[in-house]
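Summary of structural features
Take a look at the letters that make up each chain.
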Amino acid sequence: MIRFDDSKNVFHLCTPETSYIIGIYDEGLLLNLYYGKRLPDNDLWYLSRRQSCASFSPCDPVLAPTGFSVDVAPMEYPTNGRGDFRVSAVSVLNSDGNTVTDLRYEGYRIYPGKPDMPGLPHLYVTDQSQCDTLEITMRDPYTNLTAVLVYSVFHDCDVLTKHVRFRNDSPVPLKLCRVMSSCVDLPEMQYDLVTLYGRHAKERQFVRRPLAHGLQGIRSVRGSSSHAQNPFAALAQKGATETTGNVYGFHFIYSGNYEITAEVDFNATTRILMGIQDTDFQWELLPGESFLTPEAVHVFSDQGIGGMSRMFHRAYNDHLIRGVWQYRKRPLLINSWEAAYFDFDTDKLIAFAKQAKELGIELLVMDDGWFGKRNNDTNSLGDWFVNRQKLDLGRLIDTVHAMDMKFGIWYEPEMISPDSELYRAHPDWCVHVPGRVPSLARHQYVLDVSRKDVRDNIFDQMRSVLDKYTIDYLKWDFNRNLSEAGSAALDSAHAQEFFHRFVLGTYELQDRLTTTYPQLLLENCSGGGGRFDPGMLYYSPQIWTSDNTDPIERLMIQFGTSLCYPASTMGAHVSACDRTGYATKGNVALWGTFGYELDPCKLDDETKALVKQQVQEYHKYYDLIHTGDLYRLICPWENPFCCAWSFVSRDRKETLVTVVRMRHEEQTLFHLKLQGLDPQRYYQLEGNGAVCSGALLMYAGVDVADSVDNDGDSIKLHFVAVDKPDTDERTR
Ligand code: GLA
């Protein structure tokens with residue numbers, strides 16, 4: 001719900017439990033008055049405008065007599081060069097050659113639903129009644145740049161989204177140099193900044209640090225959201241835990257260069273900005289042209305970090321993931337990569353499929369190595385035709401389908417090998433700048449998908465395979481970052497648009513693919529989870545979480561990923577890695593879109609029996625894991641010995657708890673306290689039949705010490721609500 005109080009000039013944007021409040025101050029300055037737990041409507045005018053002036057802070061020329069400086073005010077969308085010395089949200093190079101920018105309020109519009117964002121991924125609604133939108137029009141009186149600030153609030157979750165639509169209403173070109181999607185100005189600094197850093201095979205590691213005066217934050221300039229920092233940050237109130245305290249979550253729906261910056265100023269206030277990273281970003285806006293920033297997502301929870309995560313999970317399952325696979329059960333897959341790498345042929349893959357089918361696996365994915373002349377990673381990216389010397393694709397797919405299994409294939413569409421027919425025909429199609437030899441990574445260049453002719457070529461090549469064969473699943477990889485970032489198709493006036501145009505090109509290609517083949521299940525990947533971001537999730541409902549399939553290492557990765565991404569999106573496979581036994585590997589992989597990444601023909605009988613059991617468990621717990629609420633009971637960043645998590649059904653009648661011993665610890669007592677249950681209800685433990693109250697399970701805990709004693713041990717506890725037993729029965 002969004003209300004405007006025109007007597008007080010205050011906008012109140014509400015989700016069920018939160019309020020976001022914007023005030024129009026004198027001279028059309030827009031102030032960010034409040035974000036947090038929901039407030040009543042009637043006294044919002046008393047929110048502080050922090051309108052004192054500070055020494056050395058310039059005052060607005062008209063408001064100078066009353067002493068108002070933008071440098072100390074909570075600015076809703078701060079601009080460059082007008083005396084606010086904190087990081088600005090927008091900076092525009094005008095025809096005079098300076099970047100002074102000044103946006104003033106012009107008008108507003110409130111309407112049900114959410115506007116489309118052509119070419120950009122965003123949260124969506126299926127019914128206008130699911131959310132309301134406020135558009136505030138701001139204009140720079142000197143340059144005639146218009147900025148429409150667009151806010152949407154959801155009614156079924158505590159989520160606020162923001163983006164900005166710029167339009168050049170002047171007769172001369174303007175250059176956008178910095179265009180953030182969101183700014184939030186909080187009045188204090190008593191927060192910890194939580195972010196997810198990483199690298200290849202070690203993605204999304206939790207880090208929490210206190211805010212300090214000055215600048216801090218994360219960014220990517222790699223051309224993708226990257227392994228190094230996920231485009232996510234949270235501000236957790238000092239002392240906030242998994243279960244308690246105020247937490248703000250910020251997430252950027254974008255797969256390219258971005259920044260999330262927190263600045264604490266001399267008044268100990270905190271400004272958080274989210275948007276496209278401005279290194280190597282400029283965008284020419286000709287008269288009448290528009291530019292849309294990507295969407296920023298905001299969540300506030302007073303239920304700790306766990307509460308914030310559950311809100312992201314619901315929002316993404318219901319309003320980000322799209323298409324027929326949004327709620328459809330995902331097939332349990334086996335992937336050929338760790339089983340064979342490049343060393344496979346038709347018969348080997350058929351043998352995998354036969355054995356996998358016997359175990360109950362539903363989808364065979366043929367990974368890298370099926371095209372061009374590719375038998376290693378030095379060639380053929382860009383040559384998306386079947387390597388007939390290696391493979392009879394028709395026979396393979398027919399055999400797999402005849403077994404009533406599905407078939408999947410691997411692509412890396414945004415890459416080109418120097419040793420490829422495509423490169424020899426179009427050397428200028430790789431990402432490069434004049435006069436410099438492009439750098440190699442994994443023996444490959446990046447393909448310039450900012451160009452439509454290049455995208456058309458790649459898509460036509462993909463179509464010639466996808467139209468000829470029945471392919472049910474496609475894994476879309478991206479195995480290097482961008483350097484010498486430029487396009488032969490962009491002149492020097494537009495060269496700095498390349499990075500953003502590249503991302504838009506990727507989105508257009510994925511959109512074309514999913515629109516042309518709506519039944520296709522798309523899984524994104526980037527050397528594991530190097531492009532695990534909400535932008536990619538708009539096109540593919542699942543993403544390969546990490547190339548690291550070691551079940552213990554995976555715990556940190558999956559726990560970190562779960563901060564903002566639901567289980568339904570996390571590709572998690574059991575591999576041959578022998579760090580633990582298969583039981584624990586299965587228990588860890590069950591937290592995600594389950595699958596196998598090994599040669600099934602090499603499994604012994606005992607393991608095969610276990611795999612069959614895991615397949616059954618996958619079906620049994622699918623709904624609970626994919627639609628239930630996640631509770632991180634013991635996080636590996638807090639406890640180096642043991643971790644635990646649970647899924648609780650929305651009706652709180654069922655929970656599946658998993659505990660993993662990472663390292664043996666000399667202690668005999670271990671009471672695991674569950675979360676999210678109904679304290680009044682009774683729950684029966686599957687297996688031993690014990691019936692306990694939700695209160696006992698949550699407040700006193702369950703003793704699990706004996707079950708997870710040694711390194712790599714794990715257990716699952718499945719509780720289902722039952723009628724309250726009579727006392728006699730319980731004491732027996
Ligand atoms: C990346 C992926 C792997 C596999 C290889 C193939 O590293 O993360 O799963 O597909 O590429 O080259």
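It should be noted that the structure appears before, not after, this text.
Anyway, here's the lowdown on the structure attached to this text.

With that settled, the discussion passes to the overall build of the protein chain. Helices and strands together make up the secondary structure of the protein chain, namely 13 helices and 38 strands. Against the globule reference of 27 Å for 732 residues, the protein chain gives a C-alpha radius of gyration of 27 Å, in line with a compact fold. On the principal axes, the C-alpha backbone points of the protein chain span a range of 85 × 80 × 45 Å. Considering only contacts within the protein chain whose residues lie at least 6 apart along the sequence, 68% involve residues at least 24 apart. Accessible area of the protein chain: about 26,600 Å², with a carbon and sulfur share of 49%. Each charge class in the protein chain was averaged separately, 73 positive and 97 negative side chains, and the resulting centres sit 1 Å apart.

A few words on helix 6 (residues 452–466). Its 15 residues give helix 6 an end-to-end C-alpha distance of 20 Å, which sits within 8% of 21 Å, the value for a rise of 1.5 Å per residue. For helix 6, the full list of buried residues reads Val454, Arg455, Ile458, Phe459, Gln461, Met462, Val465 and Leu466. Buried residues of helix 6, viewed axially, fall in a sector of 155°; they line one side. On its buried face, helix 6 sits against helix 4 (393–402), strand 23 (406–411), helix 5 (421–425), strand 26 (473–476) and helix 7 (498–516).

Taken N-terminus to C-terminus, the directions of helix 6 and helix 7 make an angle of 25°; their axes are 11 Å apart at the nearest point. The angle between helix 6 and helix 7 falls in the class roughly parallel. Handedness of the crossing formed by helix 6 with helix 7: right-handed. Residue-level contacts link Arg455, Asp456, Ile458, Phe459, Met462, Arg463 and Leu466 of helix 6 to Gly505, Glu508, Leu509, Arg512, Leu513 and Thr516 of helix 7. Classifying every residue of the contact of helix 6 with helix 7 gives six nonpolar, two polar and five charged.

Quick look at the site of the ligand now. With respect to spatial proximity, 13 residues lie near the ligand, and among them Asp367, Asp368, Lys475, Gly528 and Asp547 are the closest. At 2.6 Å, a side-chain N or O of Asp368 approaches an oxygen atom of the ligand. Contact distances for the ligand include 2.9 Å between an oxygen atom and a side-chain N or O atom of Asp477. Here the shell around the ligand is composed, by residue class, of four nonpolar, three polar and six charged.

Now for the sheet that holds strand 33 (residues 654–661). Reading across from one edge, 31-32-33-38-35-36 is the order of the six strands in this open sheet, with antiparallel pairing throughout. Since the sheet does not close on itself, it has two edges, and those belong to strand 31 (629–634) and strand 36 (691–693), each with one partner. Between one strand and the next, the sheet's axes are offset by a mean angle of 25°, whatever the strand orientation. The pairing of strand 35 (residues 682–685) with strand 38 (residues 714–722) spans four bridges and is classified as antiparallel. The partner of Tyr682 across the bridge, within strand 38, is Val722. Contacting strand 31, strand 32 (642–648) and strand 33, helix 9 (residues 551–561) runs over the sheet at an angle of about 50° to strand 32.

Attention now moves to the state of the cysteines. According to the stated counting rule, one finds zero disulfides in the structure shown. Residue Cys692 stays outside any disulfide, its sulfur separated by 19 Å from that of Cys642, the closest cysteine.

With that settled, the discussion passes to the environment of Glu665. Relative to the helices and strands, Glu665 is located in the loop between strand 33 and strand 34 (671–672). Here the alpha-carbon distance between Glu665 and Phe641, two residues 24 residues apart in the chain, equals 6.5 Å. Side-chain polar atoms of Glu665 contact the side chain of Arg661, separated by 3.5 Å.

Turning next to the pairing of strand 38. The side chains of a regular strand alternate between both faces of the sheet. The pairing of strand 33 with strand 38 spans seven bridges and is classified as antiparallel. Paired with Thr658 across the two strands is Lys716, which belongs to strand 38.

Turning next to the packing of helix 10 (residues 582–589) against helix 11 (residues 605–627). Closest axis-to-axis distance for the helix 10/helix 11 pair is 10 Å, and the angle between their directions is 20°. When the axis of helix 10 is compared with that of helix 11, the two are roughly parallel. Like other packed secondary-structure pairs, helix 10 and helix 11 cross with a definite hand, here right-handed. In this structure, helix 10 contributes Tyr582, Ala583 and Gly586 to the contact, and helix 11 contributes Thr607, Leu610 and Gln614.

Moving on, we come to the pattern of salt bridges. Considering all chains together, one arrives at 47 salt bridges under this definition. When the shortest N-O distance is used, the salt bridge between Asp169 and Arg167 registers 2.9 Å. Of the residues examined, Arg167 reaches a relative accessible area of 33% and is grouped as partly exposed. Here Arg579 makes a salt bridge to Asp550, at a shortest N to O gap of 2.8 Å. With Arg579 in the loop between strand 29 (570–575) and helix 10 and Asp550 in the loop between strand 28 (542–544) and helix 9, the pair connects residues that are 29 residues apart, well separated along the chain.

Conventions we followed
Residues numbered from 1 in each chain as written. Predicted model: local features only at pLDDT ≥ 70, side-chain atom pairs only at ≥ 80, totals over all residues. Heavy atoms only, no water. Helix = DSSP H or I, 4+ residues; strand = E, 2+ residues; numbered from the N terminus. Rg over C-alpha atoms; globule rule 2.2 N^0.38 Å. Contact = heavy atoms within 4.5 Å. Areas by Shrake-Rupley, 256 points an atom, 1.4 Å probe, with all protein chains shown as cover. Lys, Arg positive; Asp, Glu negative; His and termini not counted. Charge placed at Lys NZ, Arg CZ, Asp CG, Glu CD. Expected span 1.5 Å × (residues − 1). Buried < 20%, exposed > 50% of the residue type's maximum accessible area, 1.4 Å probe, protein only. Arc of directions from axis to C-beta. Axes fitted to C-alpha atoms, helices over the stretch in contact; angles between N-to-C directions. Parallel < 35°, antiparallel > 145°, perpendicular 65-115°, else oblique. Left-handed = near helix turned anticlockwise from the far one by under 90°. Nonpolar A, V, L, I, M, F, W, Y, C, P; charged D, E, K, R; others polar. Near = heavy atom within 4 Å. Polar contact = N/O pair within 3.5 Å; in protein donor to acceptor, adjacent residues only side chain to side chain. Pairing = 2+ DSSP bridges. Disulfide = S-S within 2.5 Å. Salt bridge = Lys/Arg side-chain N within 4 Å of Asp/Glu carboxyl O.

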